[in-house]
Structures are given as structure tokens and as C-alpha cells.
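# Close look at the chain arrangement
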Amino acid sequence: MERVAKLRADWVSISAASVGTLTIGICYYLAVRLGHVPAWLPMISDCAVNAPEKYPFRVGMIVAPCLIFINATLFYFYVGGSKFGGRRVVDKVALVMCGISAIGLMIVGAVNEQEDNSVHSAGALVFFIAQWVFELMATLRLRNHSSKFSVYAKAIISVGSFISLALFAIYSGHWGKYHIRIAVCEWCGVLFIMAFHLSFACEFKDEYVCELITSSSSTTSTSSSLPQHHVTPMMMNNGRAVPLPHHPQSQFPVVYYYPLPSAATL
């Protein structure tokens, strides 16, 4: 047996955070560079209205939630181990909440605010609220079973997410007056979520998603990788194939072969 390749689980956490953050950064750069939005400070959604920045935004904001949900699924399996006392109902609820959050973010990416602001805003609201519930449940689940650094980091991020969400809701009543503060809350809330999923790399650093193992270390011979079978020498006896007598392997089940009748006997 030879281990050809393996994929560490923490790469999923890193990829989820990286895709989301880089997508927002690229779209912000393009929108500011082309004069579509002011440098300080647009709403993230404003960076996804005009071409060409709206195209990478759509792709990234669909890929990122898929990776986020995969990351949450790995966490769901991770806490099912014996050191966590087995899987609980709260773990399933957390996974469902993250799935709902991922769907909300996909809606944000697929429908920009100019196409349908009601649908876009509803997707954003679902994303932030469901994701914060997931953060809270995941942090509480790990509080006695992970490193202090990881638990403290998740707790701080969760508190930051809640503050950003609460201030966003408060300032939204006076959009024209507090539009910069609202934008800051949105940026902080999104970056907190990406940082939270990145923090799962602390738990997953010694875990693997999959491994590719070959059955033979030989790469030069195709036949060497095929399964080996015992072969019993046969002899013909009165028109029937039977094993040779006193053969060491004759104790194995033997299949007798009968010749087909010739055309003359039909």
C-alpha cells in the first residue's frame, strides 16, 4: 500500500476565508479604480453593481458559501468524536443554520441590489443572522474541548459579529446620516465571519478530508496492481476438467467444467 496524496481539512477553512475575502477585495479595487464607488467607504454590495466587478463578485459569492458550508460540515463530523461525548442535536442545528446562511450569501451574490434590492437585502439579512447563530453554537460546543487560543478567538469574533450586526440594525434607521457607519458595520461583520471560519484551521490542522492510497507501490507493471488469486492446476478426466490429485491447494472449492456437446450429438 502506498499513500499517493492526502488533503488536510484545514485547507478547507483557509480556502473558505480566502475566497470570500479576496473576492470582496478584488471587486472593491475594481469598483474604486473605475470610479464606480468612492474609496471611503462604499457598501460591499455597491461594489457588485457595475461591470466588470459584478462578474467576479457573483462567482466568488457562490463559491465562498459552498466552502463555508463544507467547513461547517467538517466541524459537524469533528464534534461527533468520543472526546466531545458524541454528536448532539445542537450540532445538527448549527449545521442547518450554517446551510441557511450559505444560501443567503448565494442570493446576495446572484442578485445585486440594482436588480432586486428586496431579494438582495433579504439574502444579506439571512446570511448575517444565521451565521451569527452558528458562530455562537460552535463556540459553546468547543469551549472545553479545544485550545484556549481557538476558543478565545472564536468568542471574540462572535462578540464582534454581534456588535456589528446590532449597530448595523440601529444605524439603518437613519441611512442617509449614518451611511459610513453602516458600511463599516457591514465590512466588519463580513470580515468577522471569514475570520471565524479561518479559525477552524486550529481544530483541523491534524485532520484529513481524504487520502488517495494505491494497492501497490509499483508503477511500472500493470499486472502487479491486480489482485492475486490461487490457481489450481486442472487435468482432463473422461471429458471433464478436474484438479490434479494430491495438489496442495486441492482443499479449495473446485469448479468442474463440462465441454459443450458437439453438433454431431445434437
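Residues numbered from 1 in each chain as written. Predicted model: local features only at pLDDT ≥ 70, side-chain atom pairs only at ≥ 80, totals over all residues. Heavy atoms only, no water.

With that settled, the discussion passes to the environment of Lys205. Within the secondary structure, Lys205 sits in the loop between α7 (201–204) and β2 (208–214). As for Lys205 and Trp11, which are separated by 194 residues in sequence, their C-alpha atoms are 8.4 Å apart. With residues near it in sequence (within four places) discarded, Lys205 still touches Arg8 and Asp10. (Helix = DSSP H or I, 4+ residues; strand = E, 2+ residues; numbered from the N terminus. Contact = heavy atoms within 4.5 Å.)

Moving on: the pattern of salt bridges. Within the structure shown, the criterion is met by four salt bridges. Close ionic contact of Asp10 with Arg8 constitutes a salt bridge, the shortest N to O distance being 2.6 Å. One salt bridge in this structure joins Asp91 and Arg141, with 2.7 Å as the shortest N-O distance. In this pair, Asp91 is assigned in helix α3 (residues 89–110) and Arg141 in helix α4 (residues 117–142), connecting sequence segments 50 residues apart. Accessibility expressed as a relative area gives 6% for Arg141, which makes it buried. (Salt bridge = Lys/Arg side-chain N within 4 Å of Asp/Glu carboxyl O. Buried < 20%, exposed > 50% of the residue type's maximum accessible area, 1.4 Å probe, protein only.)

What follows is about empty space enclosed by the protein. Under the definition given, this model contains two cavities of 30 Å³ or more. Of the voids in this model, the largest cavity is the one considered here, and its volume is about 130 Å³. For the lining of the largest cavity, the elements supplying multiple residues, two or more each, are α2 (54–78), α3, α4 and α6 (179–198). Considering every element that reaches the lining of the largest cavity, the biggest residue donor is α4, with four residues. The class makeup of the residues in the lining of the largest cavity is 11 nonpolar, two polar and one charged. Estimates place the volume of the second largest cavity at around 50 Å³. (1 Å grid on protein atoms, 1.4 Å probe; cavity = no way out; pocket = protein on both sides within 12 Å on 5 of 7 lines; lining within 4 Å. Points joined across faces, edges and corners; volume = space filled by probe spheres on them. Nonpolar A, V, L, I, M, F, W, Y, C, P; charged D, E, K, R; others polar.)

Summed over the entire model, instances satisfying the criterion amount to 14 aromatic pairs. Ring geometry for Tyr78 against Phe204: centres 5.7 Å apart, planes inclined by 75°, an arrangement best described as edge-to-face. Separated by 126 residues along the polypeptide, Tyr78 in helix α2 and Phe204 in helix α7 bring together distant segments of the chain. An identical accessibility class is assigned to Tyr78 and Phe204; each is buried. Seen in terms of ring centroids, Trp132 and Phe162 are 5.2 Å apart; in terms of plane orientation they differ by 40°. Their pairing is tilted. Taken together, the residues Trp132 in helix α4 and Phe162 in helix α5 (residues 148–171) connect sequence positions 30 residues apart. Assessed through its relative accessible area of 23%, Trp132 is described here as partly exposed. Ring pairs connect the aromatic residues Phe75, Tyr78, Phe84, Phe134, Phe196, Phe200 and Phe204, which therefore count as one cluster. The ring centre of Phe200 lies 4.7 Å from the NZ or CZ of Lys154, which sits over that ring. (Phe/Tyr/Trp six-rings, centres within 6.5 Å; stacked < 30°, edge-to-face > 60°. Lys NZ or Arg CZ within 6 Å of the ring centre and 35° of its normal.)

There is about 390 Å³ of room inside the largest pocket. Together, 21 residues line the largest pocket, and Met43, Ser121, Ala124, Phe168 and Trp175 are the ones closest to its centre. Elements supplying a minimum of two residues to the lining of the largest pocket: α4, α5 and α6. Sorting elements by how many residues they give to the lining of the largest pocket places α4 first, with eight residues. Class assignment of the residues belonging to the lining of the largest pocket gives a composition of 11 nonpolar, seven polar and three charged.

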